[in-house]
Amino acid sequence: MDLFAQSAPKTPKYIPLAERIRPQTLEEFVGQEHLLSKGRALYKMILHDDVSSLILWGPPGSGKTTLARIIANMTKAHFIPFSAVMSGVPELRIAVKDAQTQWSVYGKKTILFVDEIHRLNKSQQDAFLPHVENGTIILIGATTENPSFEVNRALLSRCQVYVLHRLTEQHIVNLLERAANDPVHGLGEYHLNTSPEIFPLLARHADGDTRIALNYLELIAVNSEPDSTGVRHITIDTLERLLGEKTLSYDKQGEDHYNVISAFIKSIRGSDPDAAVYYLARMLDAGEDPMFIARRMVILASEDIGNADPHALVLAVAAMQAVHFVGLPEAQLSLSQAAIYLACAAKGNAEYKAILAAREDVKKYGALPVPLHLRNAPTSLMKDMGYGKDYKYPHDYIGHQVEQSYLPAEIHGGRYYAGGAVEKKIGRGEAV
């Protein structure tokens, strides 16, 4: 059955909670205020039924498919779902023929929604081009991958990319409260009485993915026992008993979660590998998301080590990839290896301070003009205007270096990095 196909009514309890309470209008949609607040371009496009081809890029559970469904509900266009996993060029031909019929017979535009568009190969993506270009279809693609790398440049240039952010804890709490109290589509029939910390705890554990939080809530509601009045009391003990994960105890008030990761990062920063491994073990034993740990180490590798040991970032990223490819329990070895290496590595935050200082000058001075001798001069007019004049090519000089100014005149002589590449022996264990 198609993702958006109309079908005979189903008994709500057999439909996952995340599907039952999926928002149907912009007013019900939670999150992505930067795109869907009143007055924003995408909001106006949907409201005025003037949607053009676009790509929705965001993490799992951020609302990409929901937003596509809302467009389907609110637009007057003919809507065709297209699975990048199950469909190919033959199915596209059928969709295009359908779109041509809709326009010629009913005067209706057609929106073709491609979920997981990054899964289409190059030839499949190329097949969309002429139909997007001539307006036969309006393409809406959804992807969790960077479209700059996963979508053909020609197709990408014909689409506006909208970036959806990971939902905040409060966004997910709002959705959980709605689901718990909705008597028609949600869990209202279970008469849940939840402790104050339950929804924030589930939201933190979901790590931005609405479906995970709702799946947990539904599991708890269905399997908890009602009291004599029919009320189901949900406490931390209920969660631990039904979900069977120590993480819920570890994160009981949300404090341990932040305290332990803070201790982990500060132990690495303080060059104590034993403490780093201990706190790593604490988090893994509690059921912490290993990708969360890996991401924090990638950040630390640049923030607290940087070019004092360039291999630190390489190893941290490799550990994150290992977690993604291998998963637990084996990935704990990669996490341990990375944590110990980072703790033992030379430390330096010159790169961190450099980018902060440079951004301050960008805010202070605005977009200063690039010096003429550094500008590209692909045309004779630009050359006549002085573009590229007097530029010194470093490789023509001894040591492949030559004195010339690279910064705009207004900040010439400014120093962001505490010591140039000549003075510092990058990657030889010396603190920067």
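Residues numbered from 1 in each chain as written. Predicted model: local features only at pLDDT ≥ 70, side-chain atom pairs only at ≥ 80, totals over all residues. Heavy atoms only, no water.

### Notes on the nonpolar core
Core analysis: the biggest nonpolar cluster contains 30 residues, and Leu176, Leu192, Leu202, Leu217 and Leu239 have the highest contact counts within it. When contributions to this core are tallied by element, the ones reaching two or more residues are α1 (17–20), α9 (169–181), α10 (198–206), α11 (210–223) and α12 (236–243). Every residue in contact with Leu192, bar those within four places of it in the chain, is listed here: Ala180, Leu187, Leu217, Ala221, Arg232 and Ile234. Met283, Ile293, Met297 and Ala345 belong to the second largest nonpolar core, which has 28 residues in total. (Core = buried A, V, L, I, M, F, W, Y, C linked by side-chain atoms within 4.5 Å. Buried < 20%, exposed > 50% of the residue type's maximum accessible area, 1.4 Å probe, protein only. Helix = DSSP H or I, 4+ residues; strand = E, 2+ residues; numbered from the N terminus. Contact = heavy atoms within 4.5 Å.)

### Observations regarding the side chain of Thr143
Tracing the backbone shows Thr143 in strand β4 (residues 138–143). Taking relative accessible area as the criterion, Thr143 reaches 2% and is therefore assigned buried. A polar atom in the side chain of Thr143 sits 2.9 Å from the backbone nitrogen of Glu145. Contacts of Thr143, omitting those with residues within four sequence positions, involve Ile55, Leu56, Trp57, Gly58, Lys64, Ile117 and His118. (Polar contact = N/O pair within 3.5 Å; in protein donor to acceptor, adjacent residues only side chain to side chain.)

### Considerations on helix α5 (residues 89–106)
Over its 18 residues, α5 runs 25 Å from end to end, which matches the ideal 26 Å to within 8%, given 1.5 Å per residue. By the burial criterion, the buried members of α5 are Leu92, Ala95, Val96, Ala99 and Gln102. All buried residues of α5 lie within an arc of 120 degrees about the axis, which places them on one face of the element. Away from its buried face, by an angle of more than 90 degrees, α5 presents the exposed residues Arg93, Ile94, Lys97, Ser104 and Val105. Contact partners of the buried residues in α5: β2 (78–83), β3 (110–115) and α6 (122–133). Taken from the residues just after α5, Gly107 is the one with a positive phi, measuring 70 degrees. (Expected span 1.5 Å × (residues − 1). Arc of directions from axis to C-beta.)

### Structural notes on the environment of Pro394
With respect to the secondary-structure elements, Pro394 resides in the segment after α20 (380–384). For Pro394, the residues in contact, after removing those within four places along its chain, are His400, Gln401, Val402 and Tyr406.

### Overview of the packing of helix α16 (residues 290–305) against helix α17 (residues 311–326)
The interhelical angle for the contact between α16 and α17, taken along N-to-C directions, is 170 degrees, at an axis separation of 9 Å. Relative to α17, α16 is oriented roughly antiparallel. Residues Pro290, Met291, Ala294, Arg295, Met297, Val298, Ala301, Ser302 and Ile305 of α16 touch α17, and the partners they reach there are Ala312, Leu313, Ala316, Val317, Met320, Val323 and His324. The class makeup of the residues in the contact of α16 with α17 is 13 nonpolar, 2 polar and 1 charged. (Axes fitted to C-alpha atoms, helices over the stretch in contact; angles between N-to-C directions. Parallel < 35°, antiparallel > 145°, perpendicular 65-115°, else oblique. Nonpolar A, V, L, I, M, F, W, Y, C, P; charged D, E, K, R; others polar.)

### As for the sheet that holds β3
Pairing within the open sheet is parallel, and its 5 strands lie in the order β2-β3-β4-β1-β5. Where the open sheet ends on each side, the last strands, each with one partner, are β2 and β5 (160–163). Sheet twist, expressed as the mean angle between neighbouring strand axes with direction ignored, is 20 degrees. The sheet contact formed by strand β1 (residues 54–57) and β4 spans 4 bridges and is parallel. Bridging across to β4, Leu56 finds its partner in Ala142. Here α5 sits on the sheet in contact with β2 and β3, set at roughly 175 degrees to β2. (Pairing = 2+ DSSP bridges.)

### What about α16?
At 3.6 residues per turn, the α-helix brings residues three or four places apart onto the same side. Here α16 is 16 residues long and its end C-alpha atoms lie 21 Å apart, about the 22 Å a rise of 1.5 Å per residue gives. Within the span of α16, buried status applies to Pro290, Phe292, Ile293, Ala294, Met297, Val298, Leu300, Ala301, Asp304 and Ile305. Capping the start of α16, Asp289 holds a side-chain oxygen 3.1 Å from the backbone nitrogen of Met291, two or three residues further along. Following α16 by one or two positions, Gly306 has its phi on the positive side, about 55 degrees.

### Quick notes on the packing of aromatic side chains
For the coordinates displayed, the defined rule picks out 3 aromatic pairs. Ring centres of Phe79 and Phe113 lie 6.4 Å apart, and the angle between their planes is 25 degrees; this geometry places the pair in the stacked category. A residue pair is termed long-range when its members are at least 10 positions apart, and Phe79 in strand β2 and Phe113 in strand β3 qualify at 34 residues. Accessibility assignment for this pair places Phe79 and Phe113 in one class, buried. A centroid spacing of 5.0 Å and a plane angle of 70 degrees characterise the contact between Tyr278 and Tyr279, whose relative ring orientation is edge-to-face. The class of Tyr278 is partly exposed, set by a relative accessible area of 44%. (Phe/Tyr/Trp six-rings, centres within 6.5 Å; stacked < 30°, edge-to-face > 60°.)

### A word on the packing of α16 against helix α18 (residues 331–344)
At a closest axis distance of 11 Å, the pairing of α16 and α18 adopts a crossing angle of 20 degrees. Taken together, α16 and α18 sit at an angle that is classed as roughly parallel. The way α16 lies across α18 gives a crossing that is left-handed. Judged by residue contacts, Pro290, Ile293, Ala294, Met297, Leu300, Ala301 and Ile305 of α16 engage Leu335, Ala338, Ala339 and Leu342 from α18. (Left-handed = near helix turned anticlockwise from the far one by under 90°.)

### Digging into unusual backbone geometry
Of note, the amide linkage connecting Leu328 to Pro329 takes the cis form, showing an omega dihedral of 5 degrees. Tracing the chain through its elements places Pro329 in the loop between α17 and α18. A positive phi is found at Gln32, a non-glycine position, where the angle reads about 60 degrees. Among the structural elements, Gln32 can be located in the loop between α1 and α2 (33–36). Using a relative accessible area of 3% as the deciding quantity, one classes Gln32 as buried.

### As for the pattern of salt bridges
Here the structure, examined in full by the defined rule, presents 7 salt bridges. Where Glu19 meets Arg22, a salt bridge forms, and the shortest distance between an N and an O atom there is 3.0 Å. Its salt-bridge partner being Lys122, residue Asp126 comes within 3.1 Å of it at the nearest N-O pair. Placement of both Asp126 and Lys122 in helix α6 is noted, with a separation of 4 residues, approximately one turn of the helix. Residue Asp126 is classed as partly exposed on the basis of its relative accessible area, which comes to 29%. Lys122 gets classed as exposed once you look at its relative accessible area, which sits at 56%. (Salt bridge = Lys/Arg side-chain N within 4 Å of Asp/Glu carboxyl O.)

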